[in-house]
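Observations on the model geometry
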Amino acid sequence: MPKIDESRPFLPVNIAVITVSDTRSAADDRSGDALAERIAGAGHRLAVRTIIRDDIAAIRAQVQAYIADPQIDVVLTTGGTGVTGRDVTPEAVEALYEKAIPGFGELFRYLSYAKVGTSTIQSRATGGVANGTYIFALPGSPSACRDAWDDILVWQLDNRHRPCNLVELMPRLREHMA
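The following refers to the structure shown.

What counts, and where the lines are drawn
- For every chain, the first residue of the written sequence is number 1, and numbering continues from 1 along that sequence.
- Note on the predicted model: pLDDT of at least 70 is required for a residue's local features to be given, and 80 or more for side-chain atom pairs to be given and counted; whole-chain, interface and lining totals, by contrast, use all residues.
- As a convention, hydrogens and water are excluded, and side-chain values are obtained from all of the structure's heavy atoms.
- Put simply, two rings from Phe, Tyr or Trp (the six-membered ring, in Trp's case) pair if the centres are within 6.5 Å, and we call them stacked under 30 degrees between planes, edge-to-face over 60, tilted for the rest.
- A run of DSSP states H or I qualifies as a helix once it reaches four residues; a run of E qualifies as a strand once it reaches two. Both are numbered from the N-terminal end.
- Three exposure classes are used, based on accessible area relative to the maximum for each residue type with a 1.4 Å probe and protein chains only: buried under 20%, partly exposed in between, and exposed over 50%.
- By convention in these notes, a salt bridge is any Lys or Arg side-chain nitrogen within 4 Å of a carboxyl oxygen on Asp or Glu.
- Two strands are counted as paired when DSSP detects at least two bridges linking them.
- When checking whether two residues touch, look at their non-hydrogen atoms; a contact exists if any pair is within 4.5 Å.
- Orientation is described by axes fitted as lines to C-alpha atoms, over the contacting stretch for helices, and by angles from 0 to 180 degrees between their N-to-C directions.
- The span expected for a helix works out to 1.5 Å for each residue beyond the first.
- For our purposes a nonpolar core is just a set of buried Ala, Val, Leu, Ile, Met, Phe, Trp, Tyr and Cys residues, chained together by side-chain atoms within 4.5 Å.

Moving on: the packing of aromatic side chains. Tallied over the entire structure, the rule returns two aromatic pairs. Taking 4.8 Å as the distance between ring centres and 55 degrees as the angle between the ring planes, the aromatic pair formed by Phe 104 and Phe 136 counts as tilted. With a gap of 32 residues between them, Phe 104 in helix α4 (residues 102–116) and Phe 136 in strand β7 (residues 133–138) connect regions that are remote in the sequence. Each of the two residues, Phe 104 as well as Phe 136, counts as buried.

Below, the structure is given as structure tokens:
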């Protein structure tokens, strides 16, 4: 069974949070707030937080800037993963992936099914790796952000999690670039 191995050190990672929205501001970004609280609560560092409009080019440019920054290990986006015309986050980030992590979206929807039933099919949550940086696109609801963090990311971003985790792979993510 998965567990935390207390004999291993906790290694904090630097995480950028991007809220994708045409209507949110810093004052009412509840999803970004939920992620920022959880990042800090887990002992990680919130490197930067921003709000970007629902626009493929704008989202992609911001993610590209963060994955080019060697100080950022993980980029989390929230919002724009649905199926409406303005929901374009997966199109923006998936084009950047060198490697997709399909299990992230699959597991998110599996876990979400217990809470929202078949409505989970409306989520296009996705994950991947680009330039040695993990990227995870989460739905825009605070509840979905809490679920993705509490049920998946908090564990996979903890070096102590066994049998394996994403943090221990970080030194090897750029092997193909050497």
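Evaluation of the coordinates by the stated rule reveals 13 salt bridges. Between Asp 29 and Arg 49 there is a salt bridge, with its nearest N and O atoms 3.1 Å apart. In this pair, Asp 29 is assigned in the loop between β2 (14–20) and α1 (30–41) and Arg 49 in strand β3 (residues 45–52), connecting sequence segments 20 residues apart. Judged by its relative accessible area of 1%, Asp 29 is buried. Arg 49 sits in the partly exposed class, given a relative accessible area of 32%. One salt bridge in this structure joins Arg 162 and Glu 168, with 3.1 Å as the shortest N-O distance. Look at Arg 162 and you get buried, because its relative accessible area is 18%. When its relative accessible area of 25% is taken as the criterion, Glu 168 is described as partly exposed.

Taken in spatial order, the six strands line up as β3-β2-β4-β7-β6-β5 in an open sheet, and their pairing is mixed. Of all the strands in the sheet, the pair left with one neighbour each is β3 and β5 (99–100). In this sheet, strand β4 (residues 74–78) lies alongside β2 in parallel orientation, the contact comprising five bridges. In the sheet register, Ile 18 faces β4, and the bridge partner there is Thr 77. Across the sheet, α1 touches β2, β3, β4 and β7, and the angle it forms with β3 is around 175 degrees. The sheet strands contacting α4 are β5, β6 (126–130) and β7, and the helix crosses β7 at an angle near 30 degrees.

Now for helix α5 (residues 142–156). Given a rise of 1.5 Å per residue, 15 residues ought to cover 21 Å, and the 20 Å separating the end C-alpha atoms of α5 matches this to within 8%. Turning to α5, its buried residues number three or more, namely Pro 142, Ala 144, Cys 145, Asp 147, Ala 148, Trp 149, Ile 152 and Leu 153. The inward-facing, buried residues of α5 contact β2, α1, β4, α4 and β7.

Grouped together as the largest cluster of nonpolar side chains are 25 residues, with contacts concentrated most on Ile 15, Val 74, Leu 76 and Phe 136. Within the residue set of this core, elements represented by two or more residues are β2, α1, β4, α4, β7 and α5. Among the elements that line this core, the one with the most residues is α5, at six residues. Grouped together as the second largest cluster of nonpolar side chains are 19 residues, Ala 58, Ile 72, Val 88 and Val 93 included.

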